[in-house]
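Here are the chains, one letter per residue:
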Amino acid sequence: MSSPSNPGRLGLVAATACALVTAALAAVPATAAPSAAGCDNRDNNTYSKLLECVRLDGVREHQAAFQSIADANGGNRAAGTQGYVDSVDYVAETLEAAGWDVSFDEFPFTYVGPAVLQQLTPTAADYETGAYTGSGAGDVTASVVGVDLALEMPRASTSGCEAADFAGFPAGSIALVQRGTCSFAAKALNAQAAKAVGVVIFNQGNEPTREGLIVGTLGGPNVAKIPVVGASFAQGVALSQAGSSARVVVEAPVSRPQLNVIAELPGVDDDNVVMAGAHLDSVQRGPGINDNGSGSAALLELAEQLSNHEPQNTVRLAWWGAEESGLIGSREYVRGLTVAERDRIALYLNFDMIGSPNYYFGVYDADESSFAAPVDVPAGSTAIEDTFESFYTMRNEPYDDSAFSGRSDYQEFINFGIPSGGLFTGAEVVKTKEQQAIWGGTAGAQFDPCYHLACDTYDNNSDKALEVNSDAVAFAVLTYAYSTESVNGVEGKRVPGNMTVPAPAGPEYSFAGPLGGESPHDHDHDHEPHEEE
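Residues numbered from 1 in each chain as written. Predicted model: local features only at pLDDT ≥ 70, side-chain atom pairs only at ≥ 80, totals over all residues. Heavy atoms only, no water.

J.: When you look at the overall build of the protein chain in this model, what are you seeing that I'm missing?
T.: Summing up its helical and strand segments, the protein chain has 15 helices and 17 strands in all. The C-alpha radius of gyration computed for the protein chain amounts to 24 Å, which stays within 12% of the reference 24 Å derived for 533 residues, consistent with globular compactness. Each of the three principal axes of the protein chain carries a C-alpha extent, and together these read 75 × 45 × 45 Å. Counting across all 533 residues of the protein chain, residues that qualify as buried make up 59%. The long-range share in the protein chain, meaning contacts at least 24 apart out of those at least 6 apart in sequence, stands at 80%. As presented, the protein chain carries roughly 18800 Å² of accessible surface, and 51% of it is formed by carbon and sulfur atoms. Positive and negative side-chain charges in the protein chain, numbering 27 and 69 respectively, have mean positions lying 2 Å apart. (Helix = DSSP H or I, 4+ residues; strand = E, 2+ residues; numbered from the N terminus. Rg over C-alpha atoms; globule rule 2.2 N^0.38 Å. Buried < 20%, exposed > 50% of the residue type's maximum accessible area, 1.4 Å probe, protein only. Contact = heavy atoms within 4.5 Å. Areas by Shrake-Rupley, 256 points an atom, 1.4 Å probe, with all protein chains shown as cover. Lys, Arg positive; Asp, Glu negative; His and termini not counted. Charge placed at Lys NZ, Arg CZ, Asp CG, Glu CD.)

J.: Would you explain the environment of serine 294 in this entry?
T.: When you line up the elements, serine 294 lands in helix H8 (residues 293–306). Exposure remark for serine 294: the relative accessible area of 0% places this residue in the buried category. Through-space distance from the C-alpha of serine 294 to that of tyrosine 458 is 9.7 Å; in sequence the pair is 164 residues apart. A polar contact of 3.1 Å, which involves the side chain of serine 294, links it to the backbone nitrogen of isoleucine 354. (Polar contact = N/O pair within 3.5 Å; in protein donor to acceptor, adjacent residues only side chain to side chain.)

J.: Mind showing me how you'd approach the pairing of strand S12 (residues 269–279) here?
T.: A regular strand places its side chains on the two faces of the sheet in alternate fashion. Most of S12 is tucked away: eight of the eleven residues are buried. Across eight bridges, S12 lies against strand S13 (residues 313–320) in parallel orientation. From the neighbouring strand, valine 274 faces S13, where its bridge partner is valine 315. After leaving S12, the chain enters H8 and then returns to the sheet as S13, a path that is right-handed. Relative to strand S14 (residues 345–351), S12 runs parallel, the two sharing five bridges. (Pairing = 2+ DSSP bridges. Right-handed = clockwise from strand over helix to strand, strands pointing away.)

J.: Explanation requested: the packing of aromatic side chains in the structure shown.
T.: Within a pair of aromatic rings, the relevant descriptors are the distance that separates the centres and the angle that separates the planes. In this structure the tally under the stated criterion is 22 aromatic pairs. For the ring pair tryptophan 320 and tyrosine 333, a centre distance of 5.3 Å and an interplane angle of 55° mean the geometry is tilted. Note that tryptophan 320 is positioned in strand S13 and tyrosine 333 in helix H9 (residues 328–336), a separation of 13 residues in sequence. A residue is classified by how much of its surface remains accessible, and tryptophan 320, at 0% relative accessible area, is buried. Each ring, one from phenylalanine 447 and one from phenylalanine 511, has its centre 6.4 Å from the other, and the planes form 65°; the classification is edge-to-face. Here phenylalanine 447 is found in the loop between helix H13 (433–439) and helix H14 (463–482), whereas its partner phenylalanine 511 is found in the segment after helix H15 (485–488), with 64 residues between them in sequence. Of the two residues examined, phenylalanine 447 and phenylalanine 511, each falls in the buried class. Ring-pair connections join several aromatic residues into one group, and the members of that group are Tyr47, Tyr359, Phe361, Phe391, Tyr392, Tyr399 and Phe475. (Phe/Tyr/Trp six-rings, centres within 6.5 Å; stacked < 30°, edge-to-face > 60°.)

J.: Got a minute to help me understand the sheet that holds strand S15 (residues 362–364) in this structure?
T.: Across a sheet, strands are paired by hydrogen bonds formed along the backbone, either parallel or antiparallel in direction. Spatially, S1-S11-S13-S12-S14-S17-S15-S16 is the arrangement adopted by the eight strands of the open sheet, whose pairing is mixed. Here the strands that pair on one side only, and so sit at the sheet edges, are strand S1 (101–107) and strand S16 (400–402). Geometrically, the sheet is characterised by an average inter-axis angle of 25° between neighbouring strands, direction not taken into account. The pairing of S15 with S16 spans three bridges and is parallel. Across the sheet, glycine 362 pairs through a bridge with aspartate 400, a residue of S16. Packed on one face of the sheet, helix H5 (residues 82–98) meets S1, strand S11 (258–265) and S13 and runs near 10° to S11. (Axes fitted to C-alpha atoms, helices over the stretch in contact; angles between N-to-C directions.)

J.: Help me understand the state of the cysteines in this model?
T.: One way to say it: the disulfide is the covalent bond shared by the sulfur atoms of two cysteines. Tallied over the entire structure, the rule returns three disulfides. Paired by a disulfide, cysteine 161 and cysteine 182 hold their sulfur atoms 2.1 Å apart. Around the S-S axis, the bridge from cysteine 161 to cysteine 182 shows a dihedral of about -95° and counts as left-handed. Separated by 21 residues along the polypeptide, cysteine 161 in the loop between strand S5 (138–146) and strand S6 (174–178) and cysteine 182 in the loop between S6 and helix H6 (184–193) bring together distant segments of the chain. For cysteine 161, a relative accessible area of 13% translates into the label buried. Disulfide pairing is shown between cysteine 450 and cysteine 455; the S-S distance is 2.1 Å. Because the sign of the S-S torsion sets the handedness, a value of about -115° for the bond joining cysteine 450 and cysteine 455 places this disulfide among the left-handed ones. Overall, cysteine 450 belongs to the buried group, its relative accessible area being 13%. When the cysteines of the protein chain that form disulfides are numbered from the N-terminus onward, they connect as 1-2, 3-4, 5-6. (Disulfide = S-S within 2.5 Å.)

J.: It is not clear to me how unusual backbone geometry should be interpreted in this structure. Could you clarify?
T.: Residues apart from glycine generally show negative phi values, whereas peptide bonds are mostly found in trans. Looking along the chain, the bond that leaves threonine 121 and enters proline 122 is cis, with omega of -5°. Here methionine 153 and proline 154 are connected by a cis peptide whose omega angle stands at 15°. Even without being glycine, leucine 327 reaches a positive phi, approximately 60°. Position of leucine 327 among the secondary structure elements: in the loop between S13 and H9. The backbone of tyrosine 509 shows a phi angle near 55°, a positive value even though the residue is not glycine. Secondary-structure assignment places tyrosine 509 in the segment after H15. The exposure class of tyrosine 509 is partly exposed, given its relative accessible area of 30%.

Right under this line is the structure:
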């Protein structure tokens, strides 16, 4: 991890994380909340003012706009597509109308169009799929040949892991291999060596989280020379039938530079910048209204309601591109800053999926009370965790830890030692009965049953989770707009008001308790299963 040139700013942590958050969220006054116009025309400079103006209806309006953009552009808003361009335009126009200083940060991006997996015989079907990162390009039609498959339970698959698995494999066929044991790259390269013309890697089917469509990474660019696509376990079973043939298409990559949207509200102290961000792009398989239209919309609503405020610290908001393709937009942005520019950033807050329909309230676990972090946690990050936890405590909402894994757009910030934190309501992990008792919803179903699917639409949402978390976003940003002393030691001002934020009540430990978390996949947001499986 690179160290900042000014360790004093980023290395100082107050003894108590909420020491300066003494002006708390007041109970909403008994008087009626102001109209939208009233909110637009006043300085929302206190917790109570800002939070009564950050409204669920406003957040949902932005999500509806993202849905309309996807509907007009083939059902998605993925990086490299017109749907993403239109999303950038919408965000920029909304911010400019609200009075923010808007700029665009261009970064290089290689676009690969939607993949095709079409079974031709003995049944005809078009399957939802995607190209593995590092796949070769091609359009092939051939017989499908299963390789050492384990279709009956316990489905302990080593399919394609050894060259010997391909003994007698007919050259010119499409290799059908099953997830399990070895890397995706090993399976694909063994198939290529056996003269397969394409590869379908389908999910293992040995547990509920390994049933659906699997699209992963081969570990880098240009790993295979033949097309490699993914499939669900059920699709793999269908393709394994005798006499099966299929068409597999992976388009050739095309250079299409993309844009991050950056908005700034200048503060009295322009050398102490509070950043918050959310990724704007969807996957190619769906419109991405929870992932991550939820975080993007909440930030837009906050921007509109904070626009008349002059903060103590400069506030900078970001809508990142190509997160779904490997955190590219945020990575290129942070790497493109000078050392002096990075040192101005006091902290970064990340909001990626905050309205999952079968939600839990998750806070990035900077103090590692549930999950041992696989990354170095920058000093000051625990104070950010405490701020979010105090908000939930104040709202009487139970919360839990989410692994501080670096696997979303905060990754490059923490790589450079910038304190970070954020919120998460769950993706592909299955909710337990204990979690159902705490947050409601459905045990045995994913936190987001439409994660990375076409059904991640406007209806794929929990109003409760989105409303609470939109307030949490606003609460944290306003807190640090006034002072970041608890994070980096830079004094600011107290938020006006006379309420007191409680100390955090503590997480529920529903992922098996301190340092026994269920899985690092609980916050798996590079959005591709890793090459080691």
